[in-house]
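Working through the structure, step by step
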Amino acid sequence: LELLGVNGPALENMAPGRNVSATTSVPGPIDGIVTEGGADAGLNVDTATKLFTVVDLSTVWIVADLYEKDSSRVRVGSEAAITTSARPGVTLRGRVSYIDPQVSADTRTAKVRVEVPNTGGELRLGMYADVVVAGASGTSAPRVPRAAVQNVGDRTVVYLANPKEPGKFVEREVRLGQASAEHVEVLSGVQPGDVVV
């Protein structure tokens, strides 16, 4: 930062019309990235002047919405998987560090803060992310497309590809959990890695 027109005794002894120029280093309080700069060359500053905003992005917070119906299954410390459209092949892992005790009357959701190590810099400020939080048991239930679920009599089933006999399928009764527009959670009857038709 270059300081011009420094006031003090040194100026009193200077010839009229002569500019005084000094340069000083201003160390940052932390390692990080400058996200906002308010200092320009020639600016007169004092100790109360905000020069820059420096942010440490090695660990970031992701604020997500937790549906009211899922609140009993998510706890502080629950694991979370984070994906972004900017890096679709990359899944980052984090943990829930805070759950807002207040539920929004409009959206019926509570804010959840997930802390994520960001050593590769994949996550940036203001980015949108998809967050999948594991249940309170620490494991997330498998999800299948809604179209894969069939009702046979009074039973709910899916059909799995038989790895020992290609072209043949096995009927498996399932117990379902929460559903989204395209997928449904399977609480029992299907294991991660099963190939569902």
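All values reported here derive from a predicted model rather than from experimental measurement.

1. What to know about the pattern of salt bridges
The tally for this structure, following the rule as stated, stands at 8 salt bridges. Here glutamate 79 makes a salt bridge to arginine 95, at a shortest N to O gap of 3.3 Å. Of the two residues, glutamate 79 sits in strand E6 (residues 79-83) while arginine 95 sits in strand E7 (residues 92-99), which places them 16 residues apart along the sequence. The exposure class of glutamate 79 is partly exposed, given its relative accessible area of 40%. What makes arginine 95 partly exposed here is its relative accessible area of 43%.

2. Things to note about the layout of surface pockets
Take a probe with the size of a water molecule and roll it over the atoms, and the empty space left behind shows itself. Considered as a void within the structure, the second largest pocket measures approximately 270 Å³ in volume. The element best represented in the lining of the second largest pocket is strand E5 (residues 59-67), accounting for 6 residues.

3. Section: the side chain of threonine 84
Mapped onto the secondary structure, threonine 84 falls in the loop between E6 and E7. A polar contact is formed between the side chain of threonine 84 and the backbone nitrogen of arginine 87, at a distance of 3.2 Å.

4. Topic: empty space enclosed by the protein
The final tally for this structure, using the stated rule, is 1 cavity of 30 Å³ or more. In this structure, the largest cavity occupies an estimated 30 Å³ of space. Ile82, Thr83, Thr84, Arg87, Val90, Leu92, Glu122 and Leu123 together form the lining of the largest cavity. Here the residues of the lining of the largest cavity are counted per class, giving 4 nonpolar, 2 polar and 2 charged.

5. A closer look at the sheet that holds strand E10 (residues 143-145)
Ordered by their spatial adjacency, 3 strands build an open sheet running E10-E15-E14, and the pairing between neighbours is antiparallel. Two strands bound the open sheet, and with one partner strand each, they are E10 and strand E14 (175-179). Adjacent strand axes in the sheet meet at a mean angle of 40°, parallel and antiparallel pairs treated alike. Sheet topology note: the E14/strand E15 (residues 183-188) ladder contains 3 bridges and is antiparallel.

6. Quick notes on the packing of aromatic side chains
Counted by the stated rule, this structure contains 0 aromatic pairs. Directly above the ring of tyrosine 67 sits lysine 69, whose terminal nitrogen or CZ lies 5.7 Å from the centroid. For the cation-ring pair, arginine 113 lies above tryptophan 61, with the distance from its terminal atom to the ring centre recorded as 4.0 Å.

7. Focus on the confidence of the model for the chain
Mean pLDDT over the chain stands at 80; residues scoring 70 or higher make up 85%. Element-level mean pLDDT values for the chain span from 37 in strand E1 (residues 2-4) up to 94 in strand E8 (residues 109-117). In this model residues 1-12 is a low-confidence stretch, pLDDT under 50, and it forms 26 contacts with partners more than four residues away in sequence or in other chains.

Conventions used here
Residues numbered from 1 in each chain as written. Predicted model: local features only at pLDDT ≥ 70, side-chain atom pairs only at ≥ 80, totals over all residues. Heavy atoms only, no water. Salt bridge = Lys/Arg side-chain N within 4 Å of Asp/Glu carboxyl O. Helix = DSSP H or I, 4+ residues; strand = E, 2+ residues; numbered from the N terminus. Buried < 20%, exposed > 50% of the residue type's maximum accessible area, 1.4 Å probe, protein only. 1 Å grid on protein atoms, 1.4 Å probe; cavity = no way out; pocket = protein on both sides within 12 Å on 5 of 7 lines; lining within 4 Å. Points joined across faces, edges and corners; volume = space filled by probe spheres on them. Polar contact = N/O pair within 3.5 Å; in protein donor to acceptor, adjacent residues only side chain to side chain. Nonpolar A, V, L, I, M, F, W, Y, C, P; charged D, E, K, R; others polar. Pairing = 2+ DSSP bridges. Axes fitted to C-alpha atoms, helices over the stretch in contact; angles between N-to-C directions. Phe/Tyr/Trp six-rings, centres within 6.5 Å; stacked < 30°, edge-to-face > 60°. Lys NZ or Arg CZ within 6 Å of the ring centre and 35° of its normal. pLDDT = per-residue confidence, 0-100. Contact = heavy atoms within 4.5 Å.

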